[in-house]
Amino acid sequence: MKWGLLEELRGEQLSAEKMLFQYNRRLLAFTINSTLDTLPTPEMLVRWGKQGDDPSVNCTLCGAPAVRLSHILAGCPYVLKVENAAFKAGGHEDRYTNRHNNVLRVLANAIFSKLLEHNRSPPAPRRRARSAPAAVTFVRPGERAEGSGGVQQQGGQEDSFLEGGRDWVAAFDLPELRGLCARHPPLDAGGDTSKEIDGFFYSRDARSIVLGPEMTCPMEENVHKWRVDKFAKYERAMLRHVPAQWRRKLITIEVGCRGYIADSFRTSLRSIGFTSKEIKHLFDKCSY
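Just so you know, these numbers come straight off a predicted model, no measurement behind them.

**Looking at the packing of aromatic side chains**
In the structure shown here, the tally under the stated rule is four aromatic pairs. Seen from their ring centres, F112 and F172 are 5.3 Å apart, and the 75° between their planes marks the pair as edge-to-face. Here F112 is found in helix α6 (residues 95–120), whereas its partner F172 is found in strand β4 (residues 169–172), with 60 residues between them in sequence. Positioned above the aromatic ring of W226 is the side chain of K225, whose terminal nitrogen or guanidinium carbon lies 5.0 Å from the ring centre. Above the ring of F161, the side-chain terminus of R247 is found at 4.2 Å from the ring centroid.

So, in C-alpha cells, the structure goes:
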C-alpha cells in the first residue's frame, strides 16, 4: 500500500499500542506484511522465485495465476459470483459479504442504541445567539468610532441531524434482521424505488431521513473511488426520490480490507450525533 495513502486514512485505530498488546502474533504479522505488501501471495512467490512446481501460486478458488493481494482480499471472481450466488439462494455468507456484514453489524448496533437514547431524551433547548467579540478598530485622536457591538452568531457545536424528532426508526439489511426490518424506506419518505441500501433511519415528526450507512470494504487504494461511485449511485437511485419537504442525508462509509478507515467515517458519524469518544470506540471495533 502506498504510504501517501495513509494520510487520507485514520491510523489511530491501528496504533502501536493496540497492535502490540491486543493482537496475537499471526494477526500482527498479517497487518504489517499486508501494509508493506510482503505477504507470500502467488504474485510475490513468483517475484521471489519461490514458486517452483507448487500449484499454490494460483488462486486456490478460481485458479487465476500469480494473483495479487487485492485479488485475494476483495476481487476473486469465484467469491463474487459462485459463493455470493449461493448466499443469495439461502446458503452461508460468502467471505466478502461476511466481512462487510461484520462491520455493518457494529455500526447498526451503535446506531440502534444512539436512536433509542435520542428518542428517550427531552427535546434540546434552542440555543441563544451570542455576540462575537467586537473587531478592533483604530481611530484618530479626537474622533469617535462608528458603531459598536458584534455580529450575532450561534454558539456551541452544530446540531445533530437527529434533532427535531423523537420517533426515529431504523432498518438494516443484515441476515438476522431480515423479516424484522423493512427493506425499503416508507413510501412517504421516498420508498417508491426498488433499490435497496444497507440501512436507513427516519423520523416522521422531523420529516427527516438518513439513507445509509451504505458500507463498503474495499482495498484501501480504492476507498476514494468506491466512496465517489457509491454516493453517485445512491444519490441517483434513492436520494432523489425523497420528497422535497423532507430533510435527507446520504451516508457512505468505507472500511479498508487491511483495517484502515477513511476519515469520512468520523465526519459521517459526528453528523448524526455520535461523540468523539463513541466514534473512537467504533474505530477500534471496525478495524481489526
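This is not the end of the story, as more comes after the structure.
**A short note on the packing of α6 against helix α9 (residues 276–286)**
Relative to each other, α6 and α9 sit at 155°, their axes nearing to 9 Å. With respect to their mutual orientation, α6 and α9 come out roughly antiparallel. Of the two possible hands of crossing, α6 and α9 adopt the one that is right-handed. Each of V103, V106, L107, A110, K114 and E117 in α6 lies in contact with α9, whose residues at this interface are E278, L282, K285 and C286. Of the residues contributing to the contact of α6 with α9, the split by class is six nonpolar, no polar and four charged.

**Examining α6**
Taking 1.5 Å per residue as the helical rise, α6 with its 26 residues ought to reach 38 Å, and the 38 Å between its terminal C-alpha atoms agrees with that figure. A distance of 3.0 Å separates the backbone nitrogen of Y96 from a side-chain oxygen at the start of α6, and that oxygen is part of D94.

**Remarks on the sheet that holds strand β6 (residues 208–216)**
With respect to topology, four strands assemble into an open sheet ordered β4-β5-β6-β7, the strand pairing being mixed. Edge positions in the sheet fall to β4 and β7 (247–254), since each has one partner strand and no second. With strand direction ignored, the average angle separating the axes of adjacent strands in the sheet is 10°. Examined bridge by bridge, strand β5 (residues 199–203) and β6 share four bridges and lie antiparallel to one another. Across the sheet, F200 pairs through a bridge with L211, a residue of β6. Packed onto the sheet, α6 meets β4, β5, β6 and β7 and runs at close to 155° relative to β6.

Reading the values: rules and limits
- Residues numbered from 1 in each chain as written.
- Predicted model: local features only at pLDDT ≥ 70, side-chain atom pairs only at ≥ 80, totals over all residues.
- Heavy atoms only, no water.
- Phe/Tyr/Trp six-rings, centres within 6.5 Å; stacked < 30°, edge-to-face > 60°.
- Helix = DSSP H or I, 4+ residues; strand = E, 2+ residues; numbered from the N terminus.
- Lys NZ or Arg CZ within 6 Å of the ring centre and 35° of its normal.
- Axes fitted to C-alpha atoms, helices over the stretch in contact; angles between N-to-C directions.
- Parallel < 35°, antiparallel > 145°, perpendicular 65-115°, else oblique.
- Left-handed = near helix turned anticlockwise from the far one by under 90°.
- Contact = heavy atoms within 4.5 Å.
- Nonpolar A, V, L, I, M, F, W, Y, C, P; charged D, E, K, R; others polar.
- Expected span 1.5 Å × (residues − 1).
- Polar contact = N/O pair within 3.5 Å; in protein donor to acceptor, adjacent residues only side chain to side chain.
- Pairing = 2+ DSSP bridges.

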